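A closer look at the structure
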Amino acid sequence: MLFAVKKRVTHILACTAVLALFAAAMADWLGLDWTLSPAAPILFPVTAGIAVILLSDGLLHAVFWLLIGHPYRRCYRAQVHYFSGQSRTAILLSGFCAGAEELLFRGVLLESLLNWGPWMAVLMSGTAFGAAHLIPRRQLWPFGIWAAWQGVLLGALYVWTGDLLANVIVHGMHDVVGFTVFRIQGREAWGVGLGAQYPDP
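Let me sum up the structure you'll find in this document. It should be emphasised that the depicted structure is a prediction, and the values quoted were computed from it without experimental measurement.

Let's talk about the overall build of the protein chain
Within the protein chain, the regular secondary structure consists of eight helices and zero strands. Here the protein chain holds 201 residues, and 47% of them are scored as buried. Long-range pairs, those at least 24 residues apart, make up 80% of the contacts in the protein chain between residues at least 6 apart in sequence. With the model as given, the accessible surface of the protein chain reaches about 10400 Å², and the carbon-plus-sulfur share is 72%.

Let's talk about the pattern of salt bridges
For the coordinates displayed, the defined rule picks out three salt bridges. Among the ionic pairs, aspartate 175 bridges to lysine 6, the shortest N-O distance being 2.7 Å. Taken together, the positions of aspartate 175 in helix α8 (residues 164–187) and lysine 6 in the loop between α1 (2–5) and α2 (9–30) put the pair 169 residues apart, joining distant regions of the chain. Note on accessibility: aspartate 175 and lysine 6 belong to one class, buried. Each member of the salt-bridge network shares a partner with another, and the members are Lys6, Glu101 and Asp175.

Considering the side chain of glutamate 101
Along the chain, glutamate 101 falls in helix α5 (residues 88–113). For glutamate 101, a relative accessible area of 0% gives the class buried. Here lysine 6 takes part through its side chain, which lies 2.6 Å from a polar atom of the side chain of glutamate 101. At 3.1 Å, the side chain of glutamate 101 forms a polar contact with the side chain of histidine 133. Residues in contact with glutamate 101, not counting those within four places in the same chain, are Leu2, Lys6, Leu19, Arg106, Phe129, His133 and His171.

Comments concerning the packing of α5 against α8
Relative orientation of the contacting elements α5 and α8 amounts to 145 degrees, with a least axis distance of 8 Å. In the crossing of α5 with α8, the sense of the turn from one axis to the other is right-handed. In this structure, α5 contributes Arg88, Ile91, Leu92, Ser94, Gly95, Ala98, Gly99, Glu101, Glu102, Leu103, Arg106 and Gly107 to the contact, and α8 contributes Leu164, Asn167, Val168, His171, Gly172, Asp175, Val176, Phe179, Thr180 and Arg183. Class assignment of the residues belonging to the contact of α5 with α8 gives a composition of eight nonpolar, eight polar and six charged.

Analysis parameters
- Residues numbered from 1 in each chain as written.
- Predicted model: local features only at pLDDT ≥ 70, side-chain atom pairs only at ≥ 80, totals over all residues.
- Heavy atoms only, no water.
- Helix = DSSP H or I, 4+ residues; strand = E, 2+ residues; numbered from the N terminus.
- Buried < 20%, exposed > 50% of the residue type's maximum accessible area, 1.4 Å probe, protein only.
- Contact = heavy atoms within 4.5 Å.
- Areas by Shrake-Rupley, 256 points an atom, 1.4 Å probe, with all protein chains shown as cover.
- Salt bridge = Lys/Arg side-chain N within 4 Å of Asp/Glu carboxyl O.
- Polar contact = N/O pair within 3.5 Å; in protein donor to acceptor, adjacent residues only side chain to side chain.
- Axes fitted to C-alpha atoms, helices over the stretch in contact; angles between N-to-C directions.
- Left-handed = near helix turned anticlockwise from the far one by under 90°.
- Nonpolar A, V, L, I, M, F, W, Y, C, P; charged D, E, K, R; others polar.

The quantities given are spatial measurements derived from coordinates; they are silent on function.
Okay, structure coming up:
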């Protein structure tokens, strides 16, 4: 769902506004006390956060590529193709939409679940995050599971730092980098690892 929104500029702008306004309204209603002002220097947590999540992406991709093989490669190619029409503007704006997602999933959902314990809150908010990123195509459902894992990592970052701004920056940078990679791969000749060997079903 949220992945699907990030294909078009108008959809991204609308989703960003709705998520941010809804998160702010929910935070006020629940009496949650968070701001986007850094509570402490955030260069280290931002650098560590983006490094961990990108390293995790790379490791998962490599493991799935080697262990699952052909089925995963077809699935990954379908994911790249799904975002092939994304413009540069859409990619940049997706970073702002990711920031709005942090307001809702970490700033509201995880924060409101902390009474259950931090790691239960991280797990539950990560699961909800993954469900919200399911793409309504059967072949692409596995990436909802990947998104859930990313939600767990982002939740852990928030529990570690208590700094919502760090999460907004890390998630925004991650999405811009990820969609840029998809754009580059989508414009390459499919014969290099992704295409001619793995035609559409």
